Amino acid sequence: MMATVVYKGDLRCECTHLQSGSVIETDAPTDNKGKGQRFSPTDTVCVALATCIITTIGIKAMDMKLDLAGTSIDVKKHMLPDPRRIGGIDVILHFPVALQLDEKDKMLLQKVGDTCPVARSLHPDIKMHIEYIW
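Residues numbered from 1 in each chain as written. Predicted model: local features only at pLDDT ≥ 70, side-chain atom pairs only at ≥ 80, totals over all residues. Heavy atoms only, no water.

Is there a simple way to think about the nonpolar core in this case?
Most often, soluble globular proteins keep nonpolar side chains buried together rather than apart. Core analysis: the largest hydrophobic core is formed by 21 residues, its most contacted members being L49, I53, I57, I89, V91, L93 and F95. Within the residue set of this core, elements represented by two or more residues are α1 (41-63) and β5 (85-94). Residue contributions to this core peak at seven residues, all from α1. Setting aside chain neighbours within four positions, we find I89 in contact with C46, L49, V75, K76, H78, L122, I126, K127, M128 and H129. (Core = buried A, V, L, I, M, F, W, Y, C linked by side-chain atoms within 4.5 Å. Buried < 20%, exposed > 50% of the residue type's maximum accessible area, 1.4 Å probe, protein only. Helix = DSSP H or I, 4+ residues; strand = E, 2+ residues; numbered from the N terminus. Contact = heavy atoms within 4.5 Å.)

Honestly, the packing of aromatic side chains in this entry has me stumped. Any pointers?
Aromatic ring pairs are defined here through the distance separating the ring centres and the angle between the ring planes. All told, the structure shown has three aromatic pairs when counted by the stated rule. On the numbers, 6.4 Å between centres and 15° between planes, the contact of F95 with Y132 is stacked. Of this pair, F95 sits in the loop between β5 and α2 (103-114) while Y132 sits in strand β6 (residues 127-133); the two residues are 37 residues apart in sequence, bridging distant segments of the chain. Comparing F95 with Y132 shows no difference in burial state: the two are buried. Between F95 and W134, the ring centres sit 4.0 Å apart and the planes meet at 10°, which makes this aromatic pair stacked. Remark: W134 occurs in the segment after β6 and F95 occurs in the loop between β5 and α2; sequence separation between them is 39 residues. An aromatic cluster is present here, built from F95, Y132 and W134 joined pairwise through their rings. (Phe/Tyr/Trp six-rings, centres within 6.5 Å; stacked < 30°, edge-to-face > 60°.)

How should I be thinking about α1 in this particular structure?
One full turn of an α-helix is made of 3.6 residues, so residues set three or four places apart face in the same direction. In a regular helix each residue adds 1.5 Å, so 23 residues correspond to 33 Å; α1 covers 33 Å between its end C-alpha atoms and thus fits that length. Listing the buried residues of α1 in full gives C46, L49, A50, C52, I53, T56, I57, G58 and A61. Looking at the packing, one finds that the buried side of α1 touches β4 (72-80), β5, α2, α3 (117-121) and β6. Looking one or two residues beyond α1, the residue adopting positive phi is K65, at roughly 65°. (Expected span 1.5 Å × (residues − 1).)

How do you make sense of the state of the cysteines when you look at a structure like this?
Simply put, the disulfide is a covalent bond whose two ends are the sulfur atoms of two cysteines. With the rule as written, the count across this model stands at zero disulfides. We note that C116 lacks a disulfide partner, and the nearest cysteine sulfur, in C52, lies 3.3 Å from it. (Disulfide = S-S within 2.5 Å.)

Looking at this structure, I do not really get the sheet that holds β6. What am I missing?
Pairing between the strands of a sheet is mediated by backbone hydrogen bonds and can be parallel or antiparallel. On the basis of which strands lie adjacent, the open sheet formed by three strands has the order β4-β5-β6 and mixed pairing. In this open sheet, the two edge strands, each paired with only one partner strand, are β4 and β6. Strand-to-strand twist of the sheet, defined as the mean angle between neighbouring strand axes without regard to direction, takes the value 10°. With seven bridges connecting them, β5 and β6 associate as parallel partners. Bridging from a neighbouring strand, G88 pairs with K127 of β6. Strands β4, β5 and β6 of the sheet are contacted by α1, whose axis makes an angle of about 35° with β5. (Pairing = 2+ DSSP bridges. Axes fitted to C-alpha atoms, helices over the stretch in contact; angles between N-to-C directions.)

What follows is the structure in structure tokens.
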């Protein structure tokens, strides 16, 4: 096992990562009978995509002796009704201005990000828009 999840009631869950003991909580969103006080389960899917993209790029960047510290990422989720599901995820990566890369290296890192494990695991009906701002 890698995690345990406990339903706390009132549409809130507590998730514990067994190796580190770190905890995250989820809430149902306000548009689906929840309090919206935490990430929703579908929010965590979108954030998982963003963090997987930058983590896999970061692994490659380490091999290339590049420092990506300070990179920020904007994430937007698009929901669809009937049945309620994620219809699209927008991920916009903003790399530090000081990071000077040639086009070849940018394309290499973008390919790594576009093919991260989460991106490859999401249903093909989910439209992913990934933008890299160098």
